[in-house]
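An overview of the molecular structure
Listed below are the residues making up each chain.
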Amino acid sequence: MPITVRTLDTPPSAAAVDAWHAVVTAAHRHDLPAETPPPGRAETAGKLQVPSVHGRVVSFTATALVRPEARRRGVGGALWEAVRAELAADGRTSVATELELGGAGEKFAAARGFENVLPITWYVQDTSLPRPDGELPTGYTFTTWEGVVPDHLADASATAHGAMDDAPSGDMDEAPPVWNADKVRAAAQVILDRGGVMLTVAAVDSRGGEDTVAAYTELVLRDPSDVRALQYDTVVVPAHRGRGLGRAVKLRMLRTLAQQQPHVRWIGTTVADENRPMLAVNEALGYGRERAAGIFQTKI
């Protein structure tokens with residue numbers, strides 16, 4: 001049967017979301033460890049219906065969906081050619097994606113010129129284990145919020161987000177985003193509009209006469225029913241490093257999570273293999289290695 005590729009209708013119908021979610025769930029269960037929860041339907045629907053703040057999303061479907069039993073029939077190749085043509089038409093010079101090591105996705109990508117430009121590893125933390133509360137050095141205070149950053153911290157939060165520029169990025173052909181208060185608000189709002197929950201804990205320094213976000217950590221439930229949260233950014237601004245702020249905000253996040261989302265039992269996160277400072281923090285907090293992955297990239 002000839003393979004026909006087309007773009008998904010915007011907004012997609014409920015039936016289209018159900019079909020997409022069925023494929024995502026089947027692939028997840030086939031490719032990932034059994035203890036890794038599959039995405040909820042709310043997460044799938046949110047990704048299809050609400051665009052990213054950093055770009056636009058084009059979703060492609062094929063007449064034969066790429067379920068595990070439908071692989072090696074040319075469907076994935078046809079979808080990739082459609083994606084590559086779209087990227088080329090948009091003036092893109094490269095594309096990157098996250099893949100598990102040793103799986104079908106890595107083999108598929110390698111055959112099409114993708115290379116692992118940033119080795120990363122998934123780690124998981126059991127939230128039920130007893131841990132101390134976070135403690136901050138003199139001069140810092142904790143501030144916690146759910147959803148969009150409070151207005152009085154928006155500019156300071158944008159400055160702290162910019163401190164991610166020195167995070168390990170391997171050989172990725174990607175310019176770091178430029179943050180301002182509106183972009184920080186918009187990024188959080190996308191998560192909320194997709195039906196998710198976002199928690200932030202920050203260490204704030206007010207000694208200079210105005211609030212400075214010295215460190216922060218973000219946690220996301222892409223579906224409110226998730227029992228496994230995702231650790232998003234954890235950042236310590238360079239001028240405040242070496243004072244234990246990263247560990248402190250992560251410990252305070254565990255307390256906040258237990259209070260606001262007590263059903264969550266696990267936190268999953270990825271860390272670049274070369275990011276030794278964050279690996280040390282996570283090891284001290286009890287994160288255990290789950291599986292190896294990488295950011296794979298190719299030229300268009």
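Details of the pattern of salt bridges
Applying the stated rule across the entire model yields 14 salt bridges. Between R255 and D133 there is a salt bridge, with the nearest N and O atoms lying 2.5 Å from each other. Of this pair, R255 sits in helix α7 (residues 245-260) while D133 sits in the loop between β4 (115-126) and β5 (140-146), and the two are 122 residues apart along the sequence. Judged by its relative accessible area of 29%, D133 is partly exposed. One continuous salt-bridge network, built from bridges that share partners, spans E100, R228, E290 and R291.

Focus on helix α1 (residues 14-31)
Over its 18 residues, α1 runs 26 Å from end to end, which matches the ideal 26 Å to within 8%, given 1.5 Å per residue. For α1, the complete set of buried residues consists of A16, V17, H21, V23, T25, A27 and H28. Buried residues in α1 make contact with α2 (41-49).

Describing the sheet that holds strand β8 (residues 228-236)
Overall, mixed pairing links the 8 strands, which are arranged β3-β10-β4-β9-β8-β7-β6-β5 in an open sheet. Every other strand in the sheet has two partners, leaving β3 (94-100) and β5 as the edge strands with one partner each. Neighbouring strand axes in the sheet, compared pairwise and without regard to direction, differ in orientation by 25° on average. Note: β4 against strand β10 (residues 288-299), 9 bridges, orientation antiparallel. By the bridge assignment, E115 is partnered in β10 with Q297. Across the face of the sheet, helix α6 (residues 181-193) comes into contact with β6 (197-205), β7 (212-221) and β8 while running at roughly 150° to β6.

Re the nonpolar core
Core analysis: the biggest nonpolar cluster contains 26 residues, and A215, L219, A229, L245, L257 and I267 have the highest contact counts within it. Counting residues per element, the ones that place at least two in this core are β6, β7, β8, α7, β9 (266-272) and α8 (276-284). Residue contributions to this core peak at 6 residues, all from α7. Grouped together as the second largest cluster of nonpolar side chains are 18 residues, V149, A156, A160 and A181 included.

Quick notes on the packing of aromatic side chains
All told, the structure shown has 1 aromatic pair when counted by the stated rule. Judged by centre distance (5.4 Å) and plane angle (65°), the rings of W80 and F114 are edge-to-face. Of the two residues, W80 is situated in helix α3 (residues 75-89) and F114 in the loop between α4 (104-110) and β4; the sequence distance between them amounts to 34 residues. The two residues W80 and F114 agree in class, both being buried. Residue placement shows R112 over the ring face of F108; its charged tip is 3.7 Å from the ring centre. The ring of Y140 has R207 sitting right over it, with the charged end atom 4.9 Å from the ring centre.

What to know about the environment of R243
Along the chain, R243 turns up in the loop between β8 and α7. Residue R243 is classed as partly exposed on the basis of its relative accessible area, which comes to 42%. Through-space distance from the C-alpha of R243 to that of K107 is 43 Å; in sequence the pair is 136 residues apart. Those residues in contact with R243 that sit more than four places away from it in its chain are P137, Y140 and R207.

Thoughts on the environment of V124
Along the chain, V124 falls in strand β4. Overall, V124 belongs to the buried group, its relative accessible area being 14%. Taking C-alpha positions, V124 is 8.9 Å from T270, a pair spaced 146 residues apart along the chain. Ignoring anything within four residues of it in the chain, the contact list for V124 reads R228, W266, I267, G268, G286, Y287, G288 and E290.

Topic: empty space enclosed by the protein
Scanning the model with the defined rule gives 1 cavity of 30 Å³ or more in all. For the lining of the largest cavity, the element with the highest residue contribution is α7, accounting for 3 residues.

Observations regarding the layout of surface pockets
The volume enclosed by the second largest pocket comes to roughly 210 Å³. If you go around the second largest pocket, you meet 14 residues; those closest to its centre are T127, L129, L254, R255 and A258. In terms of residue class, the lining of the second largest pocket is built from 8 nonpolar, 2 polar and 4 charged.

Quick notes on the rules
Residues numbered from 1 in each chain as written. Predicted model: local features only at pLDDT ≥ 70, side-chain atom pairs only at ≥ 80, totals over all residues. Heavy atoms only, no water. Salt bridge = Lys/Arg side-chain N within 4 Å of Asp/Glu carboxyl O. Helix = DSSP H or I, 4+ residues; strand = E, 2+ residues; numbered from the N terminus. Buried < 20%, exposed > 50% of the residue type's maximum accessible area, 1.4 Å probe, protein only. Expected span 1.5 Å × (residues − 1). Contact = heavy atoms within 4.5 Å. Pairing = 2+ DSSP bridges. Axes fitted to C-alpha atoms, helices over the stretch in contact; angles between N-to-C directions. Core = buried A, V, L, I, M, F, W, Y, C linked by side-chain atoms within 4.5 Å. Phe/Tyr/Trp six-rings, centres within 6.5 Å; stacked < 30°, edge-to-face > 60°. Lys NZ or Arg CZ within 6 Å of the ring centre and 35° of its normal. 1 Å grid on protein atoms, 1.4 Å probe; cavity = no way out; pocket = protein on both sides within 12 Å on 5 of 7 lines; lining within 4 Å. Points joined across faces, edges and corners; volume = space filled by probe spheres on them. Nonpolar A, V, L, I, M, F, W, Y, C, P; charged D, E, K, R; others polar.

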